[in-house]
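This is what each chain is made of:
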Amino acid sequence: MEELDGEPTVTLIPGVNSKKNQMCFDWGPGEMLVCETSFNKKEKSEMVPSCPFIYIIRKDVDVYSQILRKLFNESHGIFLGLQRIDEELTGKSRKSQLVRVSKNYRSVIRACMEEMHQVAIAAKDPANGRQFSSQVSILSAMELIWNLCEILFIEVAPAGPLLLHLLDWVRLHVCEVDSLSADVLGSENPSKHDSFWNLVTILVLQGRLDEARQMLSKEADASPASAGICRIMGDLMRTMPILSPGNTQTLTELELKWQHWHEECERYLQDSTFATSPHLESLLKIMLGDEAALLEQKELLSNWYHFLVTRLLYSNPTVKPIDLHYYAQSSLDLFLGGESSPEPLDNILLAAFEFDIHQVIKECSIALSNWWFVAHLTDLLDHCKLLQSHNLYFGSNMREFLLLEYASGLFAHPSLWQLGVDYFDYCPELGRVSLELHIERIPLNTEQKALKVLRICEQRQMTEQVRSICKILAMRAVRNNRLGSALSWSIRAKDAAFATLVSDRFLRDYCERGCFSDLDLIDNLGPAMMLSDRLTFLGKYREFHRMYGEKRFADAASLLLSLMTSRIAPRSFWMTLLTDALPLLEQKQVIFSAEQTYELMRCLEDLTSRRPVHGESDTEQLQDDDIETTKVEMLRLSLARNLARAIIREGSLEGS
């Protein structure tokens, strides 16, 4: 079993005194309901809670941020693209694709960070401004960590190019120098600006030596007395050996050149060449990698990882990845100097420099406010085949566990749940089960939303969920007296019992109004009418009316008789069917044969002689009701007349 991270953080609920009164709570998939109870062991007389509110505590509030929603939406497409990367790709082609995916993720983070920064500046409420600024800091830290992981774990840069990547990393995330440069260069006399030497120093600390040389040339132009030493410093900057991306020289050649250049810098320092200019002498010490000189520039370096990269640039530019952890730890210790403890961000970066991927993910999970970062970073690293051996003790691997947590958080949002579906799809172990559990909890507020959920379930052959959703929609349609919609949903759910109930409602409405509603649906039932006997009867009874309207009396009579003799029609509807037979019995042409007439007579006598079935209100008082008695007498008379005509007609045909 894995070690615990210690006590969880305490969430304080305003207005609730948990020490004095007991709390009750109820868990949900993405939130928890908390309230104060009137139960108190010590003071039983006090039965009224002091805080009469119910609080909703959400574990992932970031999904409700409008700006962060863009992060979730944009990264969803990148995530899907990553899952479709061809597994057959190997070597450089696969690596380049994975690096491209990583850069896409970072660009989304940076876009959200910049938008959040603009919102923070424009915020009128100071509290909102602080909240947005806090989010900017979190997004900045996320991109900083991701960028470093990209360099170390995805690019897997070797010695030489590694330092170039780290320099770009620092320059990207320590960007105050650009505004400072614009401020200095925008002045009338840049070399006399108060921040001129600070700017030159920062440029040197970031390895931007070409820009530093340009600034020194302005100092040389403005002060002829120092032009000579400025030119010497400029030459040292120009000749510093750096492995550029297009350079073909080997590491050994670079180390020899760098050693020669370093010795030349040492000679200038020993000869006190720059003794007349403390600023230039300080720059020379920095370029020699002097730790004391570097630590004097703490304010300009601003953080220990900037100090680390500058230290490597001027003391070991061909550092190997395996040695990074040593330099990182010592740089952190030197920079903090025992005056303060490392922040969570420091621990995460230190774990990355130690190539401890699992510790990076663990620390990020604890420090960050949502699962987006760790879920997507872990998924990307898993595609880099870096997490294959790490399975969790509760039946899932780390990638799947984090994706499940992230997707669960998305399902707490009224619209982002649709993104969560795709994340569950790519969790082979527990994704299907989790999706089934979460999708059942989605409130079907509108039919449009219900159709979206239904389509998702049908695409994934989630039969039980499809049936459940269709039943819910059918019940809702029945309550709103939309029988056509209710019948359609019950057929889609393949729910025979509910289809029978809706069919009965259709028949009851027909008896009351004398016509059918939703004729298009009933006319086009097709094979669906076989779902239940009552639905079959409804479809066939509508077919009888259609035949009658088309004056196909013989076919209509045969169908009507078969509905009664097959006992598919409910007994409560027999009188209606017999009444429908009256116009056919009174036709000039004999429609019902003698045998068919006998069958109708038998049905009529069966209906009038048997005791009414409980609950069938149409026949409960058949004998006593004058109207029903009149109907029965009319039917008997018509049947007798039709029987006589049929016997005569059939006898005449036999005689001829």
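Residues numbered from 1 in each chain as written. Predicted model: local features only at pLDDT ≥ 70, side-chain atom pairs only at ≥ 80, totals over all residues. Heavy atoms only, no water.

Per an unreviewed UniProt entry, the protein is named Nuclear pore complex protein Nup85, and its organism is Gorilla gorilla gorilla. What UniProt records for the protein under Function (unreviewed entry) is the sentence "Functions as a component of the nuclear pore complex (NPC)." In its Subcellular location (unreviewed entry) section, the UniProt record describing the protein reads: "Nucleus, Nuclear pore complex". (UniProt positions renumbered as here; feature names shortened; annotations may be inferred.)

Caption draft 1: Region of interest: unusual backbone geometry. In this model, Ser272 sits at a positive phi of 55 degrees, which is unusual for a non-glycine residue. With respect to the helices and strands, the residue Ser272 is situated in the loop between helix 9 (251-270) and helix 10 (278-287). With relative accessibility at 41%, the residue Ser272 sits in the partly exposed group. With a phi angle near 50 degrees, Gln461 is a residue other than glycine that sits in the positive phi range. By the secondary structure assignment, Gln461 is in the loop between helix 21 (447-459) and helix 22 (463-479). Given a relative accessible area of 59%, Gln461 falls into the exposed group. (Helix = DSSP H or I, 4+ residues; strand = E, 2+ residues; numbered from the N terminus. Buried < 20%, exposed > 50% of the residue type's maximum accessible area, 1.4 Å probe, protein only.)

Caption draft 2: Local environment of the packing of helix 21 against helix 22. Viewed as axis vectors pointing N to C, helix 21 and helix 22 meet at an angle of 160 degrees, and their least axial separation amounts to 9 Å. By the angle between their axes, helix 21 is roughly antiparallel relative to helix 22. Pair helix 21 / helix 22 crosses with left-handed handedness. Counted together, Ala450, Val453, Leu454, Cys457 and Glu458 of helix 21 and Gln465, Val466, Ile469, Cys470 and Leu473 of helix 22 form the full contact between these two elements. When the residues that make up the contact of helix 21 with helix 22 are grouped by side-chain class, the tally is 8 nonpolar, 1 polar and 1 charged. (Axes fitted to C-alpha atoms, helices over the stretch in contact; angles between N-to-C directions. Parallel < 35°, antiparallel > 145°, perpendicular 65-115°, else oblique. Left-handed = near helix turned anticlockwise from the far one by under 90°. Contact = heavy atoms within 4.5 Å. Nonpolar A, V, L, I, M, F, W, Y, C, P; charged D, E, K, R; others polar.)

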